[in-house]
Amino acid sequence: MLPQMSGNTSLVPGPDYSLTLHVLESKNVSPPQGSSSTVWLVLFFLVIFLSVVVNTVYVATLLCRRNLTLTHLILCFFFFINLVDYGLLMFEFSLSPSNQYPYSDGSCSFYQFLLHGIPLLSSGTLVLLVYQAYSSSSCPPHSSPFLKLSILLITMTILSIPSILYSRLAVYPSTARYCVMDLSSLSDWAGMDTGRQHAVTAIFFLIYKSVLTYWLPLTLVIFPILRMVKMVNTMADNQLTISLTIAVTISFLVFNLPLATIVLVRQLITTLSIPVSSTTTWIIHVLHSLFLLISFFFHIFRPLVCLVLDQDNLPNLCRRRYRRVEKIGQETDQV
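What you see is a predicted model, and the numbers here were worked out from it, not measured in a lab.

Student: What is the right way to read the overall build of the chain from this model?
Tutor: Looking only at helices and strands, the chain features 10 helices and two strands. In the chain, the succession of α and β elements from N to C terminus is α-α-α-α-α-β-β-α-α-α-α-α. Going through the 335 residues of the chain one by one, you find that 46% of them count as buried. In the chain, the share of contacts with a sequence separation of at least 24, taken over all contacts with a separation of at least 6, comes to 77%. Total accessible area on the chain is roughly 16,700 Å²; 69% of this is exposed by carbon and sulfur atoms.

What follows is the structure, encoded as structure tokens:
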């Protein structure tokens, strides 16, 4: 549901704070808010449904190709990441309206690991896509695709370790249980005041939800993208590797820019302890949910732009189906 405009005006994540979605934040559900929650549910599941359909069609077209490149495999890997992301969303929607966590401490650590690791994996896959296309256009690749993917997975796993170390189940006197990130030990180690302990958590979210997932990848890919723009429609782009990479990268940066910006603003406000009104807090929460929804449109636009640019795959898919139907018809005539 949409956040309430009354009550706590702080942007500090509370015990019922949902890192992936902010439409189920309040513990008290009123009828208007319940209807708002239904709207968000419908919007998100509609986008998820369209994404699954379009990505399935694109994967089916790739299966008809005889010369798959590493670029195509990476684009398929994006779909796998999206499926895990959808699973996390459905898991959050399955929780109670107050976002209480009824499972074990170990499952909480795994949940937080996925919650922080999947966005990192998505951004890392984008960087891998850009540098693979850039290196293959200038010189033949020397390392195997599986080695590159293994290095990516290992790196993202190492970066996600803090989410396991500092995740815990917070149990309150009312027996309410929440899966939270608790970095109070770091603030105590740094000698921070009790009232400033939330700043460490805000800095953690700032790094993991904005810097590492958007601003750092943007810095890493901007130079190779500018170099590859000059290679479009040349011999280096004979398999549309460069064109696909540029289109996917630009769409990723465009659709994720609003979400990265609102996360940056929100966590900076929390870190600097800037006072905000309840109305401002409500607006920031709503924009966060809206921008998260906009970022999901990248999941739909990515396979669509690949299908448009690489239209040779569609005739191959139709031709294979036609040949199968024709073969069945010939066997029926012989009988």
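Student: Can you walk me through helix H8 (residues 241-271) in this structure?
Tutor: Residue pairs three or four apart in sequence face the same way in an α-helix, which turns once every 3.6 residues. Spanning 31 residues, H8 covers 42 Å between terminal C-alpha atoms, matching the ideal 45 Å at 1.5 Å per step. Most pronounced at Asn 256, the bend in H8 amounts to some 45 degrees, and the proline Pro 258 follows within four residues. One or two steps after H8, the chain reaches Ser 273, where phi turns positive at roughly 55 degrees.

Student: Just to check I follow, could you spell out the state of the cysteines for this structure?
Tutor: Two cysteines joined by a covalent bond between their sulfur atoms form a disulfide. Applying the stated criterion across every chain yields a total of one disulfide. Not engaged in a disulfide, the cysteine Cys 76 finds its nearest cysteine sulfur in Cys 306; these two sulfurs lie 9.2 Å apart. Accessibility expressed as a relative area gives 1% for Cys 306, which makes it buried.

Student: Could you clarify how one ought to interpret the environment of Phe 78 in this entry?
Tutor: Relative to the helices and strands, Phe 78 resides in helix H2 (residues 70-94). C-alpha separation for the pair Phe 78 and His 299, spaced 221 residues apart in sequence, amounts to 8.3 Å. If near-sequence neighbours (up to four positions away) are discounted, Phe 78 is found in contact with Ser 122, Thr 125, Leu 126, Leu 129, Phe 298 and Arg 302.

Student: Help me understand the nonpolar core, please; the structure alone is not making it clear to me.
Tutor: In terms of nonpolar packing, the biggest core is built from 44 residues, with Leu 75, Phe 78 and Cys 306 touching the most fellow members. Looking at this core, the elements with two or more residues in it are helix H1 (31-63), H2, helix H3 (105-138), helix H4 (145-159), strand S2 (177-181), helix H7 (197-229), H8 and helix H9 (278-309). Ranked by residues supplied to this core, first place goes to H3 with 11 residues. Membership of the second largest hydrophobic core comes to 18 residues, among which are Tyr 86, Leu 89, Leu 292 and Ile 300.

Cut-off values and rules
- Note that residues are indexed from 1 along each chain, following the sequence as it is written.
- For a predicted model such as this one, the threshold for reporting local features is a pLDDT of at least 70, and the threshold for listing and counting side-chain atom pairs is 80 or more; totals across whole chains, interfaces and linings nevertheless cover every residue.
- Hydrogen atoms and water are omitted, and side-chain values are computed over all heavy atoms in the structure.
- Secondary structure follows DSSP: runs of H or I at least 4 residues long count as helices, runs of E at least 2 residues long count as strands, and numbering of each begins at the N terminus.
- Accessibility here uses a 1.4 Å probe with only protein chains present; expressed as a share of the type maximum, an area under 20% marks a residue as buried, one over 50% as exposed, and anything in between as partly exposed.
- We call two residues contacting when some pair of their heavy atoms lies within 4.5 Å.
- Note on areas: Shrake-Rupley, 1.4 Å probe, and residue coverage restricted to the protein chains presented here.
- Expected span of a helix, by definition, is 1.5 Å for each gap between consecutive residues, and there is one gap fewer than residues.
- What the bend at a residue measures is the angle between two axes, fitted to the seven residues ending there and to the seven starting there.
- Cysteine sulfur atoms that come within 2.5 Å of each other are treated as a disulfide pair.
- Residues belong to a common nonpolar core when they are buried Ala, Val, Leu, Ile, Met, Phe, Trp, Tyr or Cys residues joined through side-chain atoms within 4.5 Å.

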